[in-house]
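A closer look at the structure
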Amino acid sequence: MKIKLVYFGRPREHLKVSSETADVPAEASTLAALLGWLRLRGDVWAQELADSRVRCAINQEFASLPAAIKDNDEVAIFSPISGG
Amino acid sequence: MSVLIQEVDFDLAAELLALRAGNSRVGAMVSFVGLVRDFSHDETIESIYLEYYPSMTEKALNKIIDEATTRWNLINVRVIHRIGQLIASDQIVLVATTALHRGEAFAGCEFIIDYLKTAAPFWKKEQTKVGSEWLETRASDVKRMEHWHNDTTRK
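Here's a quick rundown of the structure. (Residues numbered from 1 in each chain as written. Chains lettered and ligands numbered in written order. Predicted model: local features only at pLDDT ≥ 70, side-chain atom pairs only at ≥ 80, totals over all residues. Heavy atoms only, no water.)

Side note on the environment of A:Gly36
All names here are of chain A. The following threshold applies: Runs of H or I in DSSP of at least four residues are treated as helices and runs of E of at least two as strands, each being numbered from the N terminus. Working definition: with a 1.4 Å probe on protein chains only, accessible area under 20% of the residue-type maximum means buried, over 50% means exposed, and in between means partly exposed.
Considering the arrangement of structural elements, one finds Gly-36 in helix H2 (residues 31-39). Overall, the relative accessible area of 24% leaves Gly-36 in the partly exposed class. Remark: the alpha-carbon pair of Gly-36 and Pro-25, spanning eleven residues in sequence, is separated by 12 Å.

Right under this line is the structure:
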């Protein structure tokens with residue numbers, strides 16, 4: 001399935017990518033599985049995308065790791081927020 | 001009710017004047033302005049950098065304002081959040097509310113800034129002499145947000 005990935009904060013800086021469209025295997029059907037699949041890219045990906053280091057949103061709503069993803073979703077991956 | 005995310009500074013007096021313009025029922029106006037501090041963990045901050053998630057951030061802020069106007073009778077609300085490179089003493093954020101009476105204006109303003117800290121997607125990086133660091137959500141901010149869940153005296 002096609003997933004649009006957008007990155008903010010620490011992962012955007014360290015992974016040197018702000019957005020991409022990824023062809024994600026169908027079995028990676030939750031945020032947790034998607035992060036696991038992205039960590040297979042190795043090195044900095046494996047470090048930056050540790051479950052405890054990132055937060056996520058699906059289609060611009062905050063979502064937790066068990067949340068399901070589907071074709072054409074926009075998934076955001078970011079460090080914990082710190083505004084104001 | 002309006003939300004603005006911008007790089008440029010804002011003029012507090014002009015914003016407040018506009019917020020209450022044309023409505024003589026307004027009996028109270030409260031504003032909060034967040035500023036860039038020049039210290040963090042004993043290090044001098046040279047600058048901070050703020051980024052946001054276009055469209056999600058506006059959506060999250062509007063949701064917070066909706067929640068505030070459900071709890072309190074607010075006449076008008078203005079939220080401005082700056083992004084990009086900022087230096088010490090710069091204004092970062094404005095939350096302003098108007099209401100018939102001060103109680104609602106105060107509570108609504110405090111609620112919005114407390115929720116903004118923990119539920120609006122912004123990311124802040126501090127630059128000091130020794131390097132840069134992405135800040136994370138503070139536990140004390142989460143506590144402040146959570147107290148609103150149980151606050152029965154102010155709804």
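A word on the pattern of salt bridges
To keep things clear, this is the line we draw: Between Lys or Arg on one side and Asp or Glu on the other, a salt bridge is scored when a side-chain nitrogen of the former is within 4 Å of a carboxyl oxygen of the latter.
Summed over all chains, the structure comprises 16 salt bridges over all chains. Note that B:Glu51 and A:Arg12 form a salt bridge whose closest N and O atoms lie 2.6 Å from each other. Residue B:Glu51 is located in strand E4 (residues 43-52), and its partner A:Arg12 is located in helix H1 (residues 10-15); the two belong to separate chains. Judged by its relative accessible area of 7%, B:Glu51 is buried. Of the residues examined, A:Arg12 reaches a relative accessible area of 21% and is grouped as partly exposed. Measuring nitrogen to oxygen at the nearest pair gives 2.3 Å for the salt bridge that ties A:Glu13 to B:Lys125. Here A:Glu13 is found in helix H1, whereas its partner B:Lys125 is found in strand E8 (residues 122-128) on a different chain. Where salt bridges share partners, they join A:Arg10, A:Glu48, A:Arg53 and B:Glu136 into one cluster.

Structural notes on the sheet that holds strand E1 (residues 2-6) of chain B
Residue and element names in this part refer to chain B. So the rule is basically this: Note on pairing: two strands pair once DSSP finds at least 2 bridges between them. An axis is simply a line fitted to the C-alpha atoms; with a helix, the fit covers only the stretch in contact. Between two such axes, the angle follows the N-to-C directions and lies from 0 to 180 degrees. Contact definition: two residues touch when any of their heavy atoms are within 4.5 Å.
With mixed pairing, the four strands of this open sheet are ordered in space as E1-E5-E7-E2. With one partner strand each, in any of the chains shown, E1 and strand E2 (28-35) form the two edges of the open sheet. On average, each strand axis in the sheet is tilted by 10 degrees relative to the strand beside it, whichever way the strands run. Pairing analysis gives five bridges linking E1 to strand E5 (residues 74-82), with the strands arranged parallel. Paired with Ile-5 across the strands is His-81, a residue of E5. On top of the sheet, helix H2 (residues 56-71) reaches E1 and E5; it is set at about 150 degrees to E1, its chief contact. Its contacts with the sheet place helix H3 (residues 102-119) against E2, E5 and strand E7 (91-99), and it is angled at close to 145 degrees to E7.

Some thoughts on the interface of chain B and chain A
Short version of the rule: Using a 1.4 Å probe, buried area is obtained as the accessible area two parts lose upon being combined, added over both of them. Pairs of N or O atoms within 3.5 Å make up the polar contacts considered here, provided that, within protein, one atom can donate a hydrogen while the other can accept it, and that residues adjacent in sequence are counted only when both atoms are side-chain atoms.
Contacts between the two partners involve 27 residues from chain B, matched on the other side by 20 residues from chain A. Between chain B and chain A, roughly 2,000 Å² of surface is buried when both sides are summed, and carbon and sulfur atoms account for 51% of that area. Linking chain B to chain A there are four salt bridges. Between A:Glu61 and B:Lys63 there is a salt bridge; the shortest N-O distance is 3.6 Å. Here chain B is connected to chain A by 15 residue pairs in polar contact (both at pLDDT 80 or more). Within the residue set of the side of chain B that touches chain A, elements represented by two or more residues are E4, H2, E7, H3 and E8 of chain B.

Concerning H3(B)
All names here are of chain B. Keep this limit in mind: Expected span of a helix: the number of residues minus one, times 1.5 Å.
In this model H3 runs 25 Å from its N-terminal to its C-terminal C-alpha over 18 residues, within 8% of the 26 Å that 1.5 Å per residue would give. Glu-104, Ala-105, Ala-107, Gly-108, Cys-109, Phe-111, Ile-112, Ile-113, Asp-114, Tyr-115, Leu-116 and Thr-118 are the residues of H3 that are buried. Residues of H3 that are buried sit in contact with E2, H2, E5, E7 and helix H4 (139-150).

Remarks on the nonpolar core
Note on soluble globular proteins: their nonpolar side chains tend to be buried together. Selection criterion: We define the nonpolar core as a collection of buried residues of types Ala, Val, Leu, Ile, Met, Phe, Trp, Tyr and Cys that are connected through side-chain atoms lying within 4.5 Å of one another.
Formed by 35 residues in total, the largest nonpolar core has its most connected members in B:Leu61, B:Val79, B:Phe111, B:Ile112 and B:Phe122. Sorting elements by how many residues they give to this core places H3(B) first, with eight residues. With sequence-adjacent residues up to four places away left out, B:Leu61 is seen in contact with B:Val3, B:Ile5, B:Val79, B:Leu116, B:Ala120 and B:Phe122. Counting residues in hydrophobic clusters, the runner-up holds 20 residues, among them A:Ala28, A:Leu31, A:Trp45 and A:Cys56.

Some points on the layout of surface pockets
As a reminder, the rule being used: Think of a 1 Å grid over the protein atoms and nothing else: a 1.4 Å probe that fits but is trapped marks a cavity, an open set flanked by protein within 12 Å on at least five of seven lines marks a pocket, and residues with an atom within 4 Å of a point count as lining. Grid points are joined across faces, edges and corners, and a volume is the space filled by probe spheres set on the points. Basically, the charged four are Asp, Glu, Lys and Arg, the nonpolar ten are Ala, Val, Leu, Ile, Met, Phe, Trp, Tyr, Cys and Pro, and anything else, Gly included, counts as polar.
By volume, the largest pocket is sized at about 630 Å³. If you trace the largest pocket, you find 29 residues lining it, with A:Gly84, B:Arg37, B:Lys117, B:Lys124 and B:Arg138 closest to the centre. Where the lining of the largest pocket is concerned, the elements lending two or more residues are E2, strand E3 (39-40), E4, H3, E8, strand E9 (131-134) and H4 of chain B. In terms of residue class, the lining of the largest pocket is made up of eleven nonpolar, seven polar and eleven charged. Here the second largest pocket defines a volume of roughly 220 Å³. Along the walls of the second largest pocket sit A:Gln60, A:Glu61, A:Phe62, B:Met56, B:Lys59, B:Ala60, B:Lys63, B:Ile64, B:Glu67, B:Phe111, B:Tyr115 and B:Ala119, which together make up its complete lining. Per-element tally for the lining of the second largest pocket: the top contributor is H2(B), with six residues. Taken together, the residues of the lining of the second largest pocket break down into seven nonpolar, one polar and four charged.

Note that every value here comes from positions in space, so none of it alone points to a role or purpose.
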